[in-house]
Amino acid sequence: MEEEEDVKGGVATSAMAASYNEQIRPLLDAVDRLRQLNVSQEGIQLPTIVVVGDQSSGKSSVLESLAGISLPRGQGICTRVPLVMRLQDKDDDAGDEAASLHLEYNGCVVATSEAEVADAIIVATREIAGCGKGISGAPITLVVRKRGVPDLTLVDLPGITRVPVHGQPEDIYDQIARIIKAYIAPSESIILNVLSATVDFPTCESIRMSQQVDRTGERTLAVVTKSDKAPEGLLEKVNADDVHIGLGYVCVRNRIGDEETYEAAREAEARLFADHRLLSKIDKSMVGVPTLARRLTQIQATIIARSLPDIVKQINDKLKRSSDELGQMPPELCTVADAVREFFHIVKKVRASLEKVLVRGEFDEYPNDRHFHGTARLAEMIESFARTLPAQAQAQAPDGCCFLEEEMRVLEETKGINLPNFLSRSALHVLLNRKVESIAHVPHDLVSQVWDYVEDLVMKVLHRHSCSYPQVHPSCRTAVQNLMDKARKRSELHVNELIDMEMVANYTSSPEYMKAWTSMMDGQSRLRKALDDHSKSTAVVALPGFGGTDVSHLRQDPNKAMEAFDLKARLAAYWNSVLLRLVDGLALHVLYSIKRLAEKDLEDELAAQVVGNNMEGVKQMLVPTPAAASKRERLRKSISLLRESRQVVANIMDRINGATTDHVLS
Ligand SMILES: Nc1nc2c(ncn2[C@@H]2O[C@H](COP(=O)(O)OP(=O)(O)OP(=O)(O)O)[C@@H](O)[C@H]2O)c(=O)[nH]1
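Note that the structure is a prediction, hence the values are computed from the model and not measured.

Draft legend 1. Fine view of the overall build of the chain. Along the backbone of the chain there are 19 helices and 11 strands. A burial count over the chain gives 49% of its 666 residues as buried. Residue pairs in contact within the chain that sit at least 24 positions apart in sequence constitute 77% of those at least 6 positions apart. Element-wise, carbon and sulfur atoms account for 52% of the exposed surface of the chain, whose accessible area totals about 31800 Å².

Draft legend 2. Local environment of the pattern of salt bridges. Counted under the stated rule, the structure contains 40 salt bridges. A salt bridge links E355 to R360; its shortest N-O distance comes to 3.7 Å. Exposure remark for E355: the relative accessible area of 13% places this residue in the buried category. Classification of R360 by relative accessible area gives partly exposed; the value is 46%.

Draft legend 3. Just the packing of aromatic side chains, in detail. One pass over the full model with this rule turns up 7 aromatic pairs. Arranged with centres 4.1 Å apart and planes meeting at 5 degrees, the rings of Y366 and F372 form a pair that is stacked. Comparing Y366 with F372 shows no difference in burial state: the two are buried. Centre to centre, the rings of Y513 and Y574 are 6.2 Å apart; their planes meet at 90 degrees, and the pair counts as edge-to-face. With a gap of 61 residues between them, Y513 in helix α15 (residues 511–521) and Y574 in helix α17 (residues 558–622) connect regions that are remote in the sequence. For the pair formed by Y513 and Y574, the shared burial category is buried. The structure contains a cluster of three or more aromatic residues connected by ring pairs, namely F403, F546 and F565.

Draft legend 4. Structural detail: the side chain of S645. Here S645 is to be found in helix α18 (residues 626–658). Using a relative accessible area of 0% as the deciding quantity, one classes S645 as buried. Only 2.8 Å separates the side chain of S645 from the backbone oxygen of L641, close enough to count as a polar contact. Setting aside chain neighbours within four positions, we find S645 in contact with L34, L37, V39 and I315.

Draft legend 5. Here's a closer look at the nonpolar core. Grouped together as the largest cluster of nonpolar side chains are 93 residues, with contacts concentrated most on L354, L358, V454, L527, V551 and M621. Counting residues per element, this core draws most heavily on α17, at 26 residues. Beyond its immediate sequence surroundings of up to four residues, V454 is in contact with L358, M484, I594 and L597. L142, L152, I299 and I303 belong to the second largest nonpolar core, which has 40 residues in total.

Draft legend 6. The arrangement of the side chain of H473 in detail. Note that H473 resides in helix α14 (residues 473–504). Among all residues touching H473, those that are not within four sequence positions of it are H463, S466 and C467.

Draft legend 7. Representation of the confidence of the model for the chain. For the chain, per-residue confidence averages 86 on the pLDDT scale, and 91% of positions sit at 70 or higher. Mean pLDDT across the elements of the chain ranges from a minimum in helix α19 (residues 662–665), with 42, to a maximum in helix α13 (residues 441–465), with 96. A low-confidence stretch, residues 660–666 stays under pLDDT 50, and its non-local contacts, those more than four residues away or across chains, total 10 contacts. The ipTM value of the predicted complex is 0.98, and its pTM value is 0.58.

Draft legend 8. Quick peek at the sheet that holds strand β1 (residues 48–53). Overall, mixed pairing links the 9 strands, which are arranged β4-β3-β5-β2-β6-β1-β7-β8-β9 in an open sheet. Lying at the two open borders of the sheet, with one neighbouring strand each, are β4 (108–112) and β9 (249–251). Each neighbouring strand pair of the sheet contributes to a mean axis angle of 20 degrees, computed without reference to strand direction. Sheet topology places β1 next to strand β6 (residues 152–156); 3 bridges connect them, and they run parallel. Counterpart to V51 in the pairing with β6 is D156. Along the sheet, helix α2 (residues 59–67) makes contact with β1, β2 (83–89), β5 (140–146), β6, β7 (189–196) and β8 (220–225), crossing β6 at roughly 160 degrees.

Draft legend 9. Inspection of helix α8 (residues 289–328) at higher detail. The terminal C-alpha atoms of α8, which comprises 40 residues, lie 54 Å apart, in line with the 58 Å expected from a rise of 1.5 Å per residue. If you look at α8, its biggest bend is around 40 degrees, right at L308, and the proline P309 turns up within four residues after that.

Draft legend 10. Here's a closer look at the layout of surface pockets. In this structure, the second largest pocket encloses a volume near 570 Å³. Contributing to the lining of the second largest pocket are 24 residues, with R35, N38, S40, P139 and Y183 lying nearest its centre. Elements that contribute at least two residues to the lining of the second largest pocket include exactly α1 (18–37), β1, β2, β3 (100–105) and α4 (172–184). A per-element tally of the lining of the second largest pocket places α1 first, with 3 residues. Of the residues belonging to the lining of the second largest pocket, the class tally is 11 nonpolar, 9 polar and 4 charged.

Draft legend 11. Inspection of unusual backbone geometry at higher detail. Even without glycine at this site, D241 takes up a positive phi of about 45 degrees. Within the secondary structure layout, D241 lies in the loop between α6 (234–240) and β9. Residue classification places D241 among the partly exposed positions, given a relative accessible area of 23%. One non-glycine residue, M615, lies in the positive phi region at around 65 degrees. The class for M615 is partly exposed, based on a relative accessible area of 30%.

Draft legend 12. The arrangement of the packing of α14 against α17 in detail. Between α14 and α17, whose axes approach to 7 Å, the crossing angle comes to 155 degrees. Between α14 and α17, the angle is such that the two are roughly antiparallel. For the pair α14 and α17, the crossing hand works out as right-handed. Among the residues making up the contact of α14 with α17, the classes are represented as 16 nonpolar, 10 polar and 7 charged.

Draft legend 13. Quick peek at the pairing of β8. With 6 of its 6 residues buried, β8 lies for the most part within the structure. Because side chains alternate across β8, one face comprises the buried residues T220, A222 and V224, and the other comprises L221, V223 and T225, equally buried. When β7 meets β8, the two strands line up parallel, connected through 6 bridges. Each residue of the ladder has a partner; that of S196, found in β8, is T225. Taken together, β7, helix α5 (residues 205–213) and β8 form a β-α-β motif whose crossover is right-handed.

Draft legend 14. Geometry of the pairing of strand β10 (residues 540–543). By the alternation rule, side chains of β10 split into V541 and L543, which are all buried, and V540 and A542, of which none is buried. Bridge count between β10 and strand β11 (residues 547–550): 4 bridges; the pairing is antiparallel. Bridging across to β11, V541 finds its partner in T549.

Rules used in this analysis
Residues numbered from 1 in each chain as written. Predicted model: local features only at pLDDT ≥ 70, side-chain atom pairs only at ≥ 80, totals over all residues. Heavy atoms only, no water. Helix = DSSP H or I, 4+ residues; strand = E, 2+ residues; numbered from the N terminus. Buried < 20%, exposed > 50% of the residue type's maximum accessible area, 1.4 Å probe, protein only. Contact = heavy atoms within 4.5 Å. Areas by Shrake-Rupley, 256 points an atom, 1.4 Å probe, with all protein chains shown as cover. Salt bridge = Lys/Arg side-chain N within 4 Å of Asp/Glu carboxyl O. Phe/Tyr/Trp six-rings, centres within 6.5 Å; stacked < 30°, edge-to-face > 60°. Polar contact = N/O pair within 3.5 Å; in protein donor to acceptor, adjacent residues only side chain to side chain. Core = buried A, V, L, I, M, F, W, Y, C linked by side-chain atoms within 4.5 Å. pLDDT = per-residue confidence, 0-100. Pairing = 2+ DSSP bridges. Axes fitted to C-alpha atoms, helices over the stretch in contact; angles between N-to-C directions. Expected span 1.5 Å × (residues − 1). Bend = angle between axes of the 7 residues up to and from the residue. 1 Å grid on protein atoms, 1.4 Å probe; cavity = no way out; pocket = protein on both sides within 12 Å on 5 of 7 lines; lining within 4 Å. Points joined across faces, edges and corners; volume = space filled by probe spheres on them. Nonpolar A, V, L, I, M, F, W, Y, C, P; charged D, E, K, R; others polar. Parallel < 35°, antiparallel > 145°, perpendicular 65-115°, else oblique. Left-handed = near helix turned anticlockwise from the far one by under 90°. Right-handed = clockwise from strand over helix to strand, strands pointing away.

Given below as C-alpha cells:
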C-alpha cells in the first residue's frame, strides 16, 4: 500500500523499483541529451515537466524537497531565469555516497556541491539576468546526481507577479508571462502548478495562465504547498477541484526554514499527514513528497514514450527540409571558370523563362501572376492601340468645321491652273498629313509602354534566377538598361519611319480601298440633289460612310462641294489602309523586337557586361554574400545537430524495441 511507503531511506527510492529506474533513465537521458543539443531551436518540442506558480508559492521548495538539496529561497522574486533541474539517481555508483552537482549556463559547465549550490545558482542568475531584480529567458541547467533522488527533469520558472516589486521593470508581468507561455504552451509539456494552501486557488495567476493553454487541465498536476500553514478546508478545496486539475492534486509540506534536514522534513511531513486532525483525512494517494516524486516519474515516462515517435518524425522532417534547402542553394563557386559556368547557367534559365512568357505564352512558371503573362499583356496593349488610333484621329478633327468645309478650304489653297475635274493631289496630301501628324504620338506611346513593361519583366525574371548572386545585380541592371535603351531607340526610329512613309507616299494594294470609296461615292448623286433643291432651308442627307448630314451651307458652290466630297471619300477610304498598316506594322515590329531580345540580344548584352570587362562581374560571384554564407552555415549546423539528435533517438528506440519496456510505455 502507498500509505505504508517507507520515507526514511531517502526522498523517493522506495517508490521506484531499481529495474523501473533502469528503464526510465535511458529514455530520460535521451531527452536530456536532446535538450542539451537544444533541438527546440529547430522547432522540435521536448516532453518537459514545467514548474509554474505565483511568486513565493513554494516552487523552489518543492524542487528542493524532490532533490534533497538547498536552492535559493525566500520572499519576493528568487527564481529569475528558467532553471532546468536534472535529477539522476546515483544508484549505479555503489559505495560512492557523495552527490555530484554541476551547473551548465552560457556555454560553460561549473562544478558545485550540495552546500554551495544555492550560492552558485545565485551567481549564475546574476551573470545571466544581472544583479537587480530583472529576469531572463536564458536557462541554467542544474545536474544533480545523488543517491535516492527520482530520475526527473523539471524546469523551474520565475514566479508570476502582477505587481512589480521595488527595482523590477514595469512590464515584469508580461516578461514572465512570455517565458512561462513559451514553456507551457507546447502540448508535450506537463504543467506542475504549485499552489499555496494559504490562497484561494481560483485567484492564482498561475492557474489562469495554465488554463489558457490547457483548458481541460489534462496535462496539469497541482502541488499544494504550505499544507501545514493552512490545513483548514484543504481537504474540501482539493476535493472540490474548482480549478479543473486533470492530473490531480498532491499536498506537501516542504522543509521549513534552515533548521531541519531533508530527512527530518520528510518525517515531519509524514507525521503531519498521518496525525493531523484535518490533513489526515486527505487520501494518502494525494499527500507527501514521495507520492509527488512517484507521480512525476510515472507521468514523465508516459509523456516521453508517447512523444518519442513524434520527435523522430519531426527530426526526420526537419532534417529533410534543411537538407533540401541546402541542396537548393547555389553551388559554392571556387574558380572563375565555375563562376562563368554558373553565370551562363543563369542566363540560360532567364532566356528560357522570357521565351515562355514573352514569346510562346507559356505561364507554368507564373500560373497565378497575371503580370508575367507577357503575351496576353502585350496583346492587350496592341488591342488598345488599335482602338485608340482611329479614335485619336477623330478627336483631332478641326473644331466647329461644317461638313466638307475643311476639304473646300484646302482645295481653295491648293488650287492650280488645271482642268476643273482634276482632283488636286496636294489637297489630299495636306489633309492626309494633318491626320497622320495628329496621331503620330500614339505609336510612340505604344512602344514606350511596351518597353517599360518588358524592362520590368526582364529585371524581375533576371532577379529571380540570380537571387543567389545579388552581387551581380548592378551589372545585370546596367546590361538590361543598355539593352532597353537600344530597343527604345530602334523602335523610335521605326515609328518615325512608318509615320514619314505615310506622309511622303500614298499607296495601297488593298481592294478594300476601292470598295470603300465606291460605296461612299454612292452618296454623291444624293448630295447633288440636295444641293440643287432650294425649296427647303435645311438639307439633311444620308450619306454612306458619313451618316445623316446637313449640307445646306454648301449650296453656294455646289461644284466645289462635289469636288470636296470626292476628296473626303478618297481620304476616308485611304485612312482605313493607313490605320491598318500602322497597327499591323507596329505589332509585327514589337513581336519581332521582343523575340530578338529574348533569344539573342539579352544574352549578348549580359555577357558583355558581366563576363566582359576583364571578368570583373563574374569575379564578384566568387565572393559569397554575408546572407548566403550565414544561411549555408545555419543549415549545416542545423543538419549536423539534427543528425546527432536522430542518432540519439535511434539508439533509444532500438533499446525500447529490443527491451521488454512495454509496461513503461503503455
Ligand atoms: N511553512 C511552509 N513554508 C513553505 C512551504 N513551502 C515553501 N515555504 C516557504 O515559502 C517561501 C517561498 O518559497 P520558495 O520556494 O522560495 O517559493 P518560490 O515559488 O520558489 O519563489 P519565487 O521563485 O521567488 O517566486 C519560503 O520562505 C519557503 O520556506 C511549506 O510547505 N510550508
